[in-house]
Amino acid sequence: MDLARPDLRPDPSLSRAEMEDLQRDIAAAATFDDDHALDPATVAIDGAPPLADGLPPARDGAQERLGTESGAGDDHDPDAPVVAGIDQAFLTDRDDAPDAAVSAAVAFRDGDVIEYASATTPLSIPYVPGLLAFREGDSILAALDRLDADPDLLICDGSGRIHFREAGLATHVGVLRDAPSVGVAKNLLCGEPDEPTDERPEGWQTPVRADGAVTTAEPGTAIGHAFQSRQYPTSRRVNPLYVSPGHRVSAETAVDLVAALCAGYKLPEPTRFADGYADTAKRNAD
DNA sequence: GCGACAG
DNA sequence: ATCTTGTCGC
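Where an unreviewed UniProt entry is consulted, chain A appears under the name Endonuclease V, with the organism given as Halorubrum hochstenium ATCC 700873. What UniProt records for chain A under Catalytic activity (unreviewed entry) is the sentence "Endonucleolytic cleavage at apurinic or apyrimidinic sites to products with a 5'-phosphate."

(A) Seen up close, the overall build of chain A. Secondary structure summary: chain A contains seven helices and nine strands in total. Here chain A has a C-alpha radius of gyration of 19 Å; the compact-globule value for 286 residues is 19 Å, and the two agree. Along the three orthogonal principal directions, the C-alpha set of chain A runs to about 55 × 45 × 40 Å. A sequence separation of at least 24 residues applies to 68% of the contacts in chain A between residues at least 6 apart.

(B) Fine view of the pattern of salt bridges. Per the counting criterion, the structure on display carries 14 salt bridges. One salt bridge connects D150 with R177, and the closest N-O pair in it is separated by 3.0 Å. With a gap of 27 residues between them, D150 in the loop between α4 (132-145) and β4 (153-157) and R177 in helix α5 (residues 169-177) connect regions that are remote in the sequence. The exposure class of D150 is exposed, given its relative accessible area of 56%. The partner of R248 in a salt bridge is D178, with the nearest N and O atoms 3.7 Å apart. A residue pair is termed long-range when its members are at least 10 positions apart, and R248 in the loop between β9 (241-247) and α6 (251-261) and D178 in the loop between α5 and β5 (181-185) qualify at 70 residues. Among the residues examined, R248 registers a relative accessible area of 17% and is labelled buried. Each of the salt bridges in this network shares a partner with another, and the network as a whole consists of R16, E20 and R165.

(C) Fine view of the UniProt feature "site: Interaction with target DNA" (unreviewed entry) in chain A. Mapped onto this numbering, the UniProt entry gives "site: Interaction with target DNA" (unreviewed entry) at Y127. For Y127, the location among the structural elements is in the loop between β3 (112-122) and α4. Setting aside anything within four residues of it in sequence, one finds Y127 in contact with L132 and R135.

(D) Quick look at the UniProt feature "binding site: Mg(2+)" (unreviewed entry) in chain A. The feature "binding site: Mg(2+)" (unreviewed entry), as annotated in UniProt, sits at D87 and D157 in this numbering. The greatest C-alpha distance among the annotated residues, which extend across 71 residues, is 5.9 Å, indicating that they converge on a single site. Relative to the helices and strands, D87 resides in strand β1 (residues 82-92). What D87 contacts, discounting residues up to four positions off in sequence, is V102, S103, A104, D157, A274, D275 and A278. One polar contact links D157 to Q88, side chain to side chain, over a distance of 3.3 Å.

(E) Spatial organisation of the pairing of strand β8 (residues 222-227). With five of six residues buried, β8 is to be regarded as a mostly interior element. Where strand β7 (residues 205-209) lies against β8, five bridges are found, and the strand directions are antiparallel. Bridge pairing links T206 to A226 in β8.

(F) Up close: the protein's contact with DNA strand C. Lining the immediate environment of DNA strand C, one finds A89, F90, K186, T234 and K282. Near the protein, meaning within 4 Å, the atoms of DNA strand C are sugar or phosphate in a fraction of 100%, with bases accounting for the rest. At 3.5 Å from a phosphate oxygen of DNA strand C is found a main-chain nitrogen or oxygen belonging to F90. When the residues that make up the surface near DNA strand C are grouped by side-chain class, the tally is two nonpolar, one polar and two charged.

(G) Layout of the protein's contact with DNA strand B. Around DNA strand B, a shell composed of 17 residues is seen, among which Y127, G130, D157, K186 and N187 lie nearest. The protein-proximal atoms of DNA strand B, defined as those within 4 Å of the protein, are 51% sugar or phosphate. Taking G130, its main chain carries an N or O atom lying 3.0 Å from a base nitrogen of DNA strand B. A distance of 2.8 Å separates a sugar or linking oxygen of DNA strand B from a polar side-chain atom of D157. Grouping the constituent residues of the surface near DNA strand B by class yields nine nonpolar, six polar and two charged.

(H) Summary view of the packing of α4 against α5. At their nearest, the axes of α4 and α5 sit 10 Å apart, and the two run at 45 degrees to each other. Our classification of the angle between α4 and α5 gives oblique. Remark: the crossing between α4 and α5 carries right-handed chirality. Mapping the contact onto sequence places L132, A133, E136, G137, I140, L141, L144 and D145 in α4 and L169, H172, V173, L176 and R177 in α5. Split into classes, the residues belonging to the contact of α4 with α5 amount to eight nonpolar, two polar and three charged.

Reading guide: rules and limits
Residues numbered from 1 in each chain as written. Chains lettered and ligands numbered in written order. Predicted model: local features only at pLDDT ≥ 70, side-chain atom pairs only at ≥ 80, totals over all residues. Heavy atoms only, no water. UniProt positions renumbered as here; feature names shortened; annotations may be inferred. Helix = DSSP H or I, 4+ residues; strand = E, 2+ residues; numbered from the N terminus. Rg over C-alpha atoms; globule rule 2.2 N^0.38 Å. Contact = heavy atoms within 4.5 Å. Salt bridge = Lys/Arg side-chain N within 4 Å of Asp/Glu carboxyl O. Buried < 20%, exposed > 50% of the residue type's maximum accessible area, 1.4 Å probe, protein only. Polar contact = N/O pair within 3.5 Å; in protein donor to acceptor, adjacent residues only side chain to side chain. Pairing = 2+ DSSP bridges. Near = heavy atom within 4 Å. Nonpolar A, V, L, I, M, F, W, Y, C, P; charged D, E, K, R; others polar. Axes fitted to C-alpha atoms, helices over the stretch in contact; angles between N-to-C directions. Parallel < 35°, antiparallel > 145°, perpendicular 65-115°, else oblique. Left-handed = near helix turned anticlockwise from the far one by under 90°.

This is the structure:
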């Protein structure tokens, strides 16, 4: 699999206490600062097509190289950072019990999809809050491995630093690959928003600070943000997203990146596409 | 003992 | 996450 930190890859036979120990090691190996030049403006996505009619084809790199593409305004930047959105769907057995995880990775560059990849792996442990990475991590890493592109940024569906041991799914994946990563969760796992999050206007954000549930950080430490990515003018009922650093990104840059990747829907485009592709991959595998 | 908990 | 059609509101 060629991971940057194979030593931190979990063994399937780990006990719960050993998994928690490993998460503390992963959090210690993680950095929650910007050690790179990922400018939100260079990864921004504009178009937000409805996915009801299916996913758009990946942009053909070969055609680009041959210069056969035609039409004005069709110039893409081949040197723009590659952003990969990742999401999962699950296969169930006869008794409708979760059986395998189907991970989908969709790579974007300069606003367009350049590649789709997926992988199906057996589920080893049940869902346990705080241990999600041990259930879905291998599947995600396998899907990323099948990508020809080497993403400059990973957008994961779940928490990063907003986690009991500051080692959520996004941190886990980011550290094992040593890639910048951001966690985007639809629900708050732990921590406390600075302000109430109800009925906020689009674009609003507030820090999420560590509370007693975060055992590895001083209470009050900023570990992420609540971010209102979408809101309707009249009826106020969209919940905010909970954005946190995975690895090699600060809490501030993490929200800025997610804001730049949102293009009219609640979820950032890479996540929305990965969600759709996970369903497609699930149907084809089943 | 009670509460609380990503996907 | 998953089982699932229509439906209420912009």
